[in-house]
Amino acid sequence: MRFKDIGDKEIIDVNNGERLGVLGQTDIEFNPVTGKIDAFLIPNYKWFGLRKESSEHRIAWEEIQTIGKHMILINT
């Protein structure tokens, strides 16, 4: 699957139903040796999405449960 195919999917935590963001707004952490994705880094926004905070959610690739048609379910 290409990033452009999953970039508009919402990320939802299955433990509490929290919407963490849209995948297209995240940074990706790669393993430089294998070239595989290690994690997604989701920024925290303040002021109605206008200002980014210094902290961010790190979602490891292993935490992804399902990639569906409209969303990605994770188990943190």
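Description of the structure in this document. Model, not experiment: these values are computed from the prediction. (Residues numbered from 1 in each chain as written. Predicted model: local features only at pLDDT ≥ 70, side-chain atom pairs only at ≥ 80, totals over all residues. Heavy atoms only, no water.)

**Description of the overall build of the protein**
The helix and strand inventory of the protein stands at one helix and seven strands. Its helices and strands in sequence order give the protein the pattern α-β-β-β-β-β-β-β, from N to C terminus. Taking all 76 residues of the protein together, 29% fall into the buried category. The long-range share in the protein, meaning contacts at least 24 apart out of those at least 6 apart in sequence, stands at 28%. (Helix = DSSP H or I, 4+ residues; strand = E, 2+ residues; numbered from the N terminus. Buried < 20%, exposed > 50% of the residue type's maximum accessible area, 1.4 Å probe, protein only. Contact = heavy atoms within 4.5 Å.)

**Observations regarding the nonpolar core**
Generally speaking, nonpolar side chains in soluble globular proteins are found buried as a group. Membership of the largest hydrophobic core is limited to 10 residues, which are Ile6, Ile11, Leu20, Leu23, Phe40, Ile42, Ile59, Ile64, Ile72 and Ile74. Taken together, the elements giving at least two residues each to this core come down to strand 4 (37-46) and strand 7 (71-74). Not counting residues up to four positions away in its chain, the partners in contact with Ile64 are Phe40, Ile72, Leu73 and Ile74. (Core = buried A, V, L, I, M, F, W, Y, C linked by side-chain atoms within 4.5 Å.)

**Considering the packing of aromatic side chains**
Applying the stated criterion across every chain, the model contains one aromatic pair. Between Phe40 and Trp61 the ring centres are 6.0 Å apart and the planes differ by 50°, which places this aromatic pair in the tilted class. Highlighted residues: Phe40 in strand 4 and Trp61 in the loop between strand 5 (51-60) and strand 6 (64-67), separated in sequence by 21 residues. The exposure class assigned to Phe40 is buried, which follows from its relative accessible area of 3%. (Phe/Tyr/Trp six-rings, centres within 6.5 Å; stacked < 30°, edge-to-face > 60°.)

**Some thoughts on the sheet that holds strand 6**
Spatially, the four strands line up as an open sheet ordered 2-1-7-6, and their pairing is mixed. With partners counted over all chains shown, the strands left at the sheet margins are strand 2 (19-22) and strand 6, one partner each. Adjacent strand axes in the sheet meet at a mean angle of 20°, parallel and antiparallel pairs treated alike. Pairing analysis gives three bridges linking strand 1 (residues 10-13) to strand 2, with the strands arranged antiparallel. Residue Glu10 lies in a different strand from strand 2, and its bridge partner there is Val22. (Pairing = 2+ DSSP bridges. Axes fitted to C-alpha atoms, helices over the stretch in contact; angles between N-to-C directions.)

**A few points about the side chain of Lys9**
Mapped onto the fold, Lys9 is located in the loop between helix 1 (3-6) and strand 1. Despite its burial, Lys9 pairs with no opposite charge, the nearest such side chain being Asp8 at 5.1 Å. A distance of 2.8 Å separates the side chain of Lys9 from the backbone oxygen of Lys69, its partner in a polar contact. Ignoring anything within four residues of it in the chain, the contact list for Lys9 reads Gly21, Val22, Leu23, Ile67, Gly68, Lys69, His70, Met71 and Ile72. (Lys, Arg positive; Asp, Glu negative; His and termini not counted. Salt bridge = Lys/Arg side-chain N within 4 Å of Asp/Glu carboxyl O. Polar contact = N/O pair within 3.5 Å; in protein donor to acceptor, adjacent residues only side chain to side chain.)

Limitation: the analysis is restricted to geometry and does not speak to function.
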